[in-house]
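Structure assessment
For reference, the chains in residue letters:
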Amino acid sequence: MATCAEADDTPDNKEVVVAIDFGTTYSGYALAYQKDYTHDRHTLHINGCDFKSGYSLKAPTCILFNTQGQFHSFGFDAENMYAELTSTDEHTGWYYFRRFKMMLYNNPSISHHSTLQDYTGKTMNAITVFSAIILHLRQETVRKMRERSVGAGIQDDKIHWVLTVPAIWSDQAKQFMRESAKRAGIRSEQLDIALEPEAASIYCKHMSVNRREQQDDGVGLETIRPGTKYMVLDAGGGTIDITVQQVQDDGSLHQVYMANGGDWGGTKVDKAFETLLIELVGQKVWDAFKIAYMDSYIEIFREFETKKRTITPDTVARITFKVPITLRDIYEEMKEDNLSTFRPEGGGDRKLYWKGDKLRVDAALAKNLFEETCETILKHVSGVFEEEEGTGTSIILMVGGFSESPMLRHAVKERFGRTRRIIIPEEAGLSVLKGAVLFGFDSKLISRRVMKHTYGIQTSRQFRKGLDPDATKTMIKGRLYCEDRFSKHTGKGQSVTVDEETDPIEYNPLDDRQKMVMKVYITDKCDPEYCDADLCSYIGKMLVSLPMDVPMCERGVTVRMKFGGTELSVRATVMATKQMTHAEFNLLE
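Residues numbered from 1 in each chain as written. Predicted model: local features only at pLDDT ≥ 70, side-chain atom pairs only at ≥ 80, totals over all residues. Heavy atoms only, no water.

**Overview of the overall build of the protein chain**
In terms of regular secondary structure, the protein chain is built from 13 helices and 30 strands. Computed over the C-alpha atoms, the radius of gyration of the protein chain is 26 Å, within 12% of the 25 Å expected from 2.2 N^0.38 for a compact globule of 589 residues. The dimensions of the protein chain, computed from C-alpha atoms along their principal axes, are 85 × 55 × 55 Å. For the protein chain, the proportion of its 589 residues judged to be buried stands at 56%. Pairs at least 24 residues apart make up 69% of the contacts formed inside the protein chain by residues separated by at least 6 positions. (Helix = DSSP H or I, 4+ residues; strand = E, 2+ residues; numbered from the N terminus. Rg over C-alpha atoms; globule rule 2.2 N^0.38 Å. Buried < 20%, exposed > 50% of the residue type's maximum accessible area, 1.4 Å probe, protein only. Contact = heavy atoms within 4.5 Å.)

**Some thoughts on the confidence of the model for the protein chain**
When pLDDT is averaged along the protein chain, the result is 88; 91% of the residues meet or exceed 70. Counting contacts from residues 1–11, a segment whose pLDDT is below 50, to residues more than four positions away or on other chains yields 34 contacts. This model gives residues 210–219 a pLDDT under 50, and the stretch forms 26 contacts once residues within four places in sequence are excluded. (pLDDT = per-residue confidence, 0-100.)

**Structural notes on the pairing of strand 30 (residues 583–586)**
Judged by which residues are buried, strand 30 turns out to be covered on both faces: Ala583 and Phe585 on one side and Glu584 and Asn586 on the other are all buried. Summarising the sheet, strand 26 (residues 536–545) and strand 30 pair through four bridges and their orientation is antiparallel. Across the sheet, the residue bridging to leucine 543 is glutamate 584, located in strand 30. (Pairing = 2+ DSSP bridges.)

**Comments concerning helix 12 (residues 406–416)**
If you check which residues of helix 12 are buried, you get Pro406, Met407, Leu408, Arg409, Ala411, Val412 and Phe416. Each element contacted by the buried residues of helix 12 is listed here: strand 11 (229–235), helix 10 (363–368), helix 11 (371–386), strand 17 (393–399) and strand 18 (421–423).

**Focus: the packing of helix 7 (residues 283–292) against helix 9 (residues 325–335)**
Contact pair helix 7 / helix 9: the axes reach a minimum separation of 10 Å and the direction vectors enclose 130°. Here helix 7 is positioned oblique relative to helix 9, judged by the angle of their axes. Helix 9 is crossed by helix 7, and the crossing has right-handed handedness. Contact residues: helix 7 offers Lys284, Val285, Trp286, Ala288 and Phe289, while helix 9 offers Thr326, Leu327, Ile330, Tyr331, Met334 and Lys335. (Axes fitted to C-alpha atoms, helices over the stretch in contact; angles between N-to-C directions. Parallel < 35°, antiparallel > 145°, perpendicular 65-115°, else oblique. Left-handed = near helix turned anticlockwise from the far one by under 90°.)

**Quick look at unusual backbone geometry**
Look at asparagine 106: it is not a glycine, yet its phi comes out positive at around 55°. Counting through the fold element by element, asparagine 106 comes out in the loop between strand 6 (95–98) and strand 7 (115–117). The class for asparagine 106 is exposed, based on a relative accessible area of 64%.

**Notes on the sheet that holds strand 3 (residues 59–60)**
Each strand in a sheet pairs with another by means of backbone hydrogen bonds, the pair being arranged parallel or else antiparallel. The sheet built from five strands is open, its strands ordered 3-2-1-9-10 with mixed pairing. Here the strands that pair on one side only, and so sit at the sheet edges, are strand 3 and strand 10 (191–195). Here helix 4 (residues 171–183) sits on the sheet in contact with strand 1 (16–22), strand 9 (159–165) and strand 10, set at roughly 145° to strand 10.

**Looking at the packing of aromatic side chains**
Any two aromatic rings considered together are summarised by their centre-to-centre distance and by the angle between their planes. This structure, assessed with the given rule, holds 22 aromatic pairs. Relative to phenylalanine 130, the ring of phenylalanine 22 lies with its centre 5.1 Å away and its plane at 20°, an arrangement referred to as stacked. With phenylalanine 22 in strand 1 and phenylalanine 130 in helix 3 (residues 126–147), this residue pair connects regions lying 108 residues apart in the sequence. Both residues of the pair, phenylalanine 22 and phenylalanine 130, count as buried. Ring geometry for phenylalanine 130 and phenylalanine 176: centres 5.1 Å apart, planes at 85°, overall edge-to-face. Of this pair, phenylalanine 130 sits in helix 3 while phenylalanine 176 sits in helix 4, and the two are 46 residues apart along the sequence. You'll find phenylalanine 130 and phenylalanine 176 in the same group, each marked buried. Its end group placed over the ring of phenylalanine 463, lysine 473 keeps NZ or CZ at 5.4 Å from the ring centre. (Phe/Tyr/Trp six-rings, centres within 6.5 Å; stacked < 30°, edge-to-face > 60°. Lys NZ or Arg CZ within 6 Å of the ring centre and 35° of its normal.)

So, in structure tokens, the structure goes:
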């Protein structure tokens, strides 16, 4: 249980900032030293990590545990080791997880006890898996720093950490990531949670970026005049995050349209390709292939990850995918048929040609793999522009790994390029990671955000006969109360500054317990009167410590919530003594 820590943005307290981008498909870290940031953030040198496959700031988000449930390896090492184990049938009992981050998306039941299924269906505690990756990346960072003279003398308490999450994630998911980081040895006061589209926007605002879709290279968001609205389209592997921001006179960024999006990231294209292969060989063959030839299965999608970046709207020639010969062998063994003579049902519109370890696909079919995902994104972007807060938006900033896809870039340019500027930074997939480093030095670069929900506390108020539903009636110490009243703290669509607190609301305990335990609800309604299950969603508890050395009638508290940061925080004061008392959210019951 943790209230989000208020970061100390004093540069002297942060000799180095390390950002960890925990992605659906790829993860990695980057760091920068205070002296570089203080000297000139526009030329800030950001160091990354070498994942043994050429210099890269990211590696596949996959992790391997041994038969005792102990961490073994991460990234490419985990992929390769598990493939080797399966090739010799020694993988039984090992735990292999890949692309599991999406379990946190739109999941109202996240808790300390949530589990993940590995590749073969075995389960493990979810926080154990997440924290193991964060711990590995933390240890790798510290080890690399110690190897270099510039970081050799930096103490652990002078390292500030930033963990990125999608802006569309729930408060529970954010607290889950903070708890995972805590278990990985990162103290809460040394950790910021950064929202991915905001981090990318910060990087593009403060660093010179090239624009792939424009001719005048070297012009980035730093040239945009105050008052200009722009959309951040963060297209990642798992999720699409969309926000609208506005540049202020002081250079800070205001969010003017609440973050939204969905699970329409680049992995949907991977899934479309996998569906195509399943149509080719059948589900039973595909399942048998994945079990028997894990190394080949991994290789298919490594190859596809590279190949899909080369598919463009102008492609007319057939696309050749390298598919392991083992898939053909297992097909012909199970089907007693020759795969090279296969033709899909329905005839020639979807032409596939198989020869040896090559699958040749007509250009139209290859491009069609992107169609559903791209169209969903375009439709959603159009909807944002139609909203009042989205009107007047003149720029689309495309970031995230999927923004490097020529198909998505072309789709956005074709639909919106005539009326809006399209800015795509070089290495768009690294914008979040690099921007998170800048955010770690100054978390107030984003100075205002828009509330996605109305937040409130379930309270008991004196029962009003004829007004309150009878189902909410309860008797406490001889008095009738309505136990389901919604005590509103902030409203959906409200714009709040980073340090802004809500007006204080008084709460009084109805029993003699040491802690006041209050249920927290969210809703899309502006002013709900009750915590009705059809209108409101329960997200967890707020716990407030009560003084036991004063009479019960004097143990009331005033509660102020702070919503302008990337996480919820709360401050409580005992009304009788005016003293602060401990208060925190527990969203992971």
